[in-house]
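These are the residues of each chain, in order.
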Amino acid sequence: MDDLAIETDRLSGQTVELCYHCHKCTAGCPVVEAMEYGPDRLLRMIVLGEREAILPSRDIWLCAGCFTCATRCPNDIDIAAVMDALRQVSVREGYPAGERDALLFHQLFLGVVQRLGRSHEAAMLGLFKVLSHTPLMNDVGAGVGLFLRGKVPVLPGRSGASKAVGAIFKESRSVDSQESDQP
Ligand code: SF4
Ligand code: SF4
């Protein structure tokens, strides 16, 4: 079995080799039109070890983690977890994210959750726009509507579970450093 398949299975807790390419995952994926390969083909490419095509691809960054594929899969393969694993390998091996600003978005999301113990859309959006050099006012109408309906709190509040969430981040960093120390 190829190294990438072994690593993906290990990191995701899945067995990508179980896929028999019924295409049900791809047929239900809401972002497949924007992908280069789609989830079903990507699994085949993992088994074939096509890492140079997979790791810089936009597909692994476009996956929204919606779990539609996992719920449709007759073999219970959680492709969202597989996509997570591929992103980890891609970042570790120094590939640029295949979709512009996707890595920045992930980093900001995790940074806000780590700090507050929860997501805060307004803080995320402001930081993302500034750091990605996106015009601040280009979709302000939608944002104002959400504020007015009380869907998005203006000020970030810390979750009561922020300590527990911080402990998860700490544990995760510890596992990462143990793995990177391994030969
Ligand atoms: S639904 Fe499952 S078995 Fe079918 S192609 Fe997708 S991953 Fe493979
Ligand atoms: S989890 Fe990702 S690959 Fe699966 S259906 Fe959702 S967007 Fe598509």
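Just so it is clear, the model here is predicted, and its values are computed rather than measured.

Here we take up the overall build of the chain. On a plain count of helices and strands, the chain comes out with eleven helices and zero strands. Starting at the N terminus, the α and β elements of the chain follow one another as α-α-α-α-α-α-α-α-α-α-α. Residues classed as buried in the chain amount to 34% of the 183 residues present. In the chain, once contacts between residues fewer than 6 apart in sequence are set aside, the share between residues at least 24 apart is 66%. With an accessible surface of roughly 11000 Å², the chain has 57% of that area assigned to carbon and sulfur atoms. Within the chain, the 23 negative side-chain charges are centred at a point lying 11 Å from the centre of the 19 positive side-chain charges.

Here we come to the site of ligand 2. Around ligand 2, a shell composed of Cys-29, Pro-30, Val-31, Cys-63, Ala-64, Gly-65, Cys-66, Phe-67, Thr-68, Cys-69 and Ala-80 is seen. By residue class, the composition of the shell around ligand 2 is nine nonpolar, two polar and no charged.

Turning our attention to the site of ligand 1. What surrounds ligand 1 is a group of 14 residues, the closest being Cys-19, Cys-22, His-23, Cys-25 and Cys-73. Elements supplying a minimum of two residues to the shell around ligand 1: helix H2 (24–28) and helix H3 (39–47).

Aromatic ring pairs are defined here through the distance separating the ring centres and the angle between the ring planes. Taken as a whole and assessed by the stated rule, the structure comprises one aromatic pair. Between Phe-105 and Phe-128, the aromatic rings sit 5.8 Å apart at their centres with planes inclined by 80 degrees, giving edge-to-face as the arrangement. Linking Phe-105 in helix H8 (residues 102–116) with Phe-128 in helix H9 (residues 121–131), this pair joins segments that are 23 residues apart in sequence. Judged by its relative accessible area of 41%, Phe-105 is partly exposed.

Inspection of the secondary structure assignment puts Ser-159 in the loop between helix H10 (140–148) and helix H11 (162–181). Ser-159 gets classed as buried once you look at its relative accessible area, which sits at 13%. At 2.8 Å, the side chain of Ser-159 forms a polar contact with the backbone nitrogen of Ala-161. Among residues more than four places away in sequence, those in contact with Ser-159 are Leu-116, Gly-117 and Arg-118.

Turning our attention to a nonpolar patch on the surface. Taken together, the side chains of Leu-127, Val-130, Leu-131, Leu-136, Met-137, Val-140, Val-144 and Leu-148 define a hydrophobic patch exposed on the protein surface, amounting to about 790 Å² of accessible area. Looking at the nonpolar patch, the elements that each hand over two or more residues are H9 and H10. Mapped onto the elements of the fold, Leu-131 is located in helix H9. The exposure class assigned to Leu-131 is partly exposed, which follows from its relative accessible area of 46%.

What counts as what
Numbering of residues starts from 1 in every chain and runs along the sequence as written. Lettering for chains starts from A, numbering for ligands starts from 1, and both go in the order in which the items are written. In keeping with the predicted nature of the model, local features appear solely for residues at pLDDT of at least 70, side-chain atom pairs appear and are counted solely at 80 or more, and the whole-chain, interface and lining totals rest on all residues. Excluded from the side-chain calculations are hydrogens and water; all other atoms, namely the structure's heavy atoms, are used. Going along the chain from the N terminus, every DSSP run of H or I of four or more residues is numbered as a helix, and every run of E of two or more is numbered as a strand. Between buried and exposed lies partly exposed: a residue is buried under 20% and exposed over 50% of the maximum accessible area for its type, with that area taken using a 1.4 Å probe on protein chains only. The criterion used for residue contact is that any of the two residues' heavy atoms lie within 4.5 Å. Methods summary: accessible areas were calculated by the Shrake-Rupley approach with a probe of 1.4 Å, and residue burial reflects only the protein chains presented. Within this scheme the basic residues Lys and Arg register as positive and the acidic residues Asp and Glu register as negative, but His and the chain ends are omitted. Throughout, a charge is located at the NZ atom of Lys, the CZ atom of Arg, the CG atom of Asp or the CD atom of Glu. One heavy atom within 4 Å of a molecule or strand makes the whole residue count as near it. Lys, Arg, Asp and Glu make up the charged group, whereas Ala, Val, Leu, Ile, Met, Phe, Trp, Tyr, Cys and Pro make up the nonpolar group; the residues left over, Gly among them, are polar. Any Phe, Tyr or Trp ring, taking Trp's six-membered ring, that has another such ring centre within 6.5 Å forms a pair; planes under 30 degrees apart are called stacked, those over 60 apart edge-to-face, and the others tilted. Each polar contact in these results corresponds to two N or O atoms within 3.5 Å; when the atoms are within protein, one needs to be able to donate a hydrogen and the other to accept it, and residues that are neighboring in sequence are counted only if both atoms are side-chain atoms. Two distance rules govern patches: like charges are joined within 9 Å, and nonpolar side chains (Val, Leu, Ile, Met, Phe, Trp, Tyr) within 5 Å, applied only to residues with over 30% relative accessible area and no salt bridge. The salt bridge definition used is simple: a Lys or Arg side-chain nitrogen within 4 Å of an Asp or Glu carboxyl oxygen.

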